[in-house]
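Topology and contacts: notes
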Amino acid sequence: MRRPVAVIIGMMGAGKTRVGKEVARMMNLPFADADNEIEHDAGMRIPEYFEKYGEPEFRELESDVVLDMLEDFDGIFSLGGGAPMTPSIQEGLARYVASGGKVVYLMADPEEAMERANRGGGRPMLNGDANMRWKKLYKERDPVFRRVANVHVGTRGQSPQAAARKLMEMIDQRIVHVTGSTIEPYDVRIGEGVMGQLAQVLGSKPVKVALIHTQPVQRHSDRARTLLRQAGYDAYDIIIPDAEAGKTIEVANGIWQRLGDEGFTRSDAIVGLGGGAATDLAGFVAATWMRGIRYVNCPTSLLAMVDASTGGKTGINTPQGKNLVGSFYTPAGVLADLKSLTSLPNDIFIEGLGEVVKSGFIMDPEILQILEDYADELRAFDGSTFLDSDLKDVVAELIEHTVSVKAYHVSADLKEAGLREFLNYGHTLGHAIEKLEHFRWRHGNAVAVGCVYAAELSHLLGYIDQDLVDYHRSLLGSLGLPTSWNNGTWDDVLALMHRDKKARGNKLRFVVLDRIGHPIHLEDPPADAVEEAFRRIQQ
Ligand SMILES: NC(=O)c1ccc[n+]([C@@H]2O[C@H](COP(=O)([O-])OP(=O)(O)OC[C@H]3O[C@@H](n4cnc5c(N)ncnc54)[C@H](O)[C@@H]3O)[C@@H](O)[C@H]2O)c1
Ligand SMILES: Nc1ncnc2c1ncn2[C@@H]1O[C@H](COP(=O)(O)OP(=O)(O)O)[C@@H](O)[C@H]1O
Ligand SMILES: O=C(O)C1=C[C@@H](OP(=O)(O)O)[C@@H](O)[C@H](O)C1
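Residues numbered from 1 in each chain as written. Chains lettered and ligands numbered in written order. Predicted model: local features only at pLDDT ≥ 70, side-chain atom pairs only at ≥ 80, totals over all residues. Heavy atoms only, no water.

Some words on the packing of aromatic side chains
This model, assessed by the stated rule, comprises 15 aromatic pairs. With centroids separated by 5.4 Å and ring planes inclined at 65°, the aromatic side chains of Tyr236 and Phe264 adopt a geometry described as edge-to-face. With Tyr236 in strand β9 (residues 234–240) and Phe264 in the loop between α11 (249–262) and β10 (269–274), this residue pair connects regions lying 28 residues apart in the sequence. Relative accessible area serves as the criterion here: at 16%, Tyr236 is assigned to the buried category. With centroids separated by 5.7 Å and ring planes inclined at 10°, the aromatic side chains of Tyr295 and Tyr329 adopt a geometry described as stacked. Of this pair, Tyr295 sits in strand β11 (residues 294–299) while Tyr329 sits in the loop between β13 (321–328) and β14 (333–337); the two residues are 34 residues apart in sequence, bridging distant segments of the chain. Through pairs of rings, three or more aromatic residues link up here, namely Tyr49, Phe50, Tyr53 and Phe58. (Phe/Tyr/Trp six-rings, centres within 6.5 Å; stacked < 30°, edge-to-face > 60°. Helix = DSSP H or I, 4+ residues; strand = E, 2+ residues; numbered from the N terminus. Buried < 20%, exposed > 50% of the residue type's maximum accessible area, 1.4 Å probe, protein only.)

And the structure:
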């Protein structure tokens, strides 16, 4: 089915036509304007139509034209100013958004748009006192436009070209919509510059916003702070210790104290910016402060983008183990800004690919294909050249696919009663390795070895053939991920696997593969197979 690359809505004079045409030109796409299509269908100009048939009839024709175009046009499509007020068009736009479409609210400065709308005439809705009519319509329409659009673009003081460039950046983003019966829906936005939508995602209720981040991502938190201040929030900078050192009750307590001192209320908000450790901690503070306030994640590592920031698991570590205290608490939105990856060291990027590979094996063979096709480039990831390289689109696509895999499992089973456990492929041994390595081995690397182990176990029990086990090794190896581990005894590993959260009583439980894209639960497998699979990853 054809559908527009983007639909532009906004007030009269916002520049929907002018800027829309410019965007289409820059992106080498066709452009259509609903008003022109209507005039073409009606065989007359819009003012004439209004005069002859009146507004209600115009709205009906407009709705027919717009709904047709939403299913049969694949370029940039601008609507007339009043179109999104019609219920049937609102429903059409909601369907379009649900299927991954982008409805862009072009938010011109009201004075600028009003002045431009008055120029040229031809706008029957402004007959009479044009300024007064425009302002009245703005009051009615602005809240509706904000609601029906999933992308908001402010263009105050910008030339049509500058506005078009900004729009293009927004259109280029990928959006994964996370929803489910027990989840307040939210979007994961992936692309260069998506952090610019921080205010849109936070909304107008928060007055104070705590920006929780670590030192190594200062450059990106500076950007977020500027955006918050520009949007009029009182921004509070909270720096936490890096990596796991930030995921402690002492750090959380320090932030609770700060929020109390600054007078944070239930309508205020938190932004977590950094790797998975920072977003886990920020989410935990958001879940617990006043029993839950709004929070937005800005992940800066690949692992946080594809995994940690998106599923609603928040938490801290205790001396007894990792992530032992926490809560399922979903964010209001996730902004995976590719600009953040420019400072990410190569080894931490590669490690993040461990979870990407896992997602490919359990659900999405396209991920595996992309990884195969670009293994050399991915392995050579260099943040300093990343944004100007072809790798940018490849990485964006991998993040989108992987987040979609996660969203699928989380939507159906937020609290991990069954389906969500499939995301744990490779993690039973992976967690044991992390623990035995005293967390000096990074998570994604341990999961990579864990996936080979799970594949060996699947094979030993007759679910998959040797070729698929070999494919695990060759793909992970080609990306620079480890495929073997030989630094612990079987007894220690077995004891830890019995403490895995999937285990029940004294029975081990694993996720194994039946074929690519088809994981299954494995209960209490034969002891000799469990041990033999371990021997095979020791080589
Ligand atoms: N909530 C979940 O569902 C979930 C899922 C997977 C992992 N996790 C958690 O996520 C954490 C691991 O995440 P991680 O791998 O991002 O580790 P991390 O947060 O420790 O980040 C790794 C290192 O990279 C640095 N870093 C991150 N982004 C950077 C950037 N753009 N530029 C420069 N340096 C950057 C960090 O400061 C840190 O030193 C663990 O605590 C794990 O438990 C949570
Ligand atoms: N960003 C802008 N800067 C300057 N002029 C603009 C800008 N956007 C639009 N215009 C001009 O304002 C007028 C109205 O723009 P138009 O695209 O027809 O608005 P809309 O389709 O949203 O009603 C046109 O003359 C257009 O060239
Ligand atoms: O605001 C409105 O109700 C209208 C806006 C016009 O489009 P523009 O916003 O492109 O001027 C056109 O559809 C018609 O005059 C009605």
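Focus: the site of ligand 3
In the region of ligand 3, 14 residues are neighbours, and Lys16, Asp35, Arg59, Arg123 and Arg141 sit closest. Within the side chain of Asp35, an N or O atom sits 2.7 Å from an oxygen atom of ligand 3. Measuring from an oxygen atom of ligand 3, one finds a backbone N or O atom of Gly81 at 2.8 Å. Burial of ligand 3 by the protein amounts to 96% of the accessible area it has alone, namely 390 Å². Considering every element that reaches the shell around ligand 3, the biggest residue donor is helix α4 (residues 55–72), with three residues. Of the residues contributing to the shell around ligand 3, the split by class is five nonpolar, three polar and six charged. (Near = heavy atom within 4 Å. Polar contact = N/O pair within 3.5 Å; in protein donor to acceptor, adjacent residues only side chain to side chain. Areas by Shrake-Rupley, 256 points an atom, 1.4 Å probe, with all protein chains shown as cover. Nonpolar A, V, L, I, M, F, W, Y, C, P; charged D, E, K, R; others polar.)

Let's talk about the UniProt feature "domain: 3-dehydroquinate synthase N-terminal" (unreviewed entry) in the chain
Within the UniProt annotation, "domain: 3-dehydroquinate synthase N-terminal" (unreviewed entry) is assigned to residues 238–349. Across residues 238–349, helical content stands at 34% and strand content at 30%; the span's end C-alpha atoms are separated by 25 Å. (UniProt positions renumbered as here; feature names shortened; annotations may be inferred.)

Focus on the sheet that holds strand β8 (residues 208–214)
On the basis of which strands lie adjacent, the open sheet formed by seven strands has the order β6-β7-β14-β11-β10-β8-β9 and mixed pairing. Single-partner strands in this sheet number two, and they are β6 (174–180) and β9. Adjacent strand axes in the sheet meet at a mean angle of 15° when their direction is disregarded. Sheet analysis places β10 next to β11, joined by six bridges and oriented parallel. Residue pairing in the sheet places Ala269 in a bridge with Arg294 of β11. Its contacts with the sheet place α11 against β8, β9 and β10, and it is angled at close to 160° to β9. Of the strands in this sheet, β8, β9, β10 and β11 touch helix α12 (residues 276–288), which is tilted by about 165° from β10. (Pairing = 2+ DSSP bridges. Axes fitted to C-alpha atoms, helices over the stretch in contact; angles between N-to-C directions. Contact = heavy atoms within 4.5 Å.)

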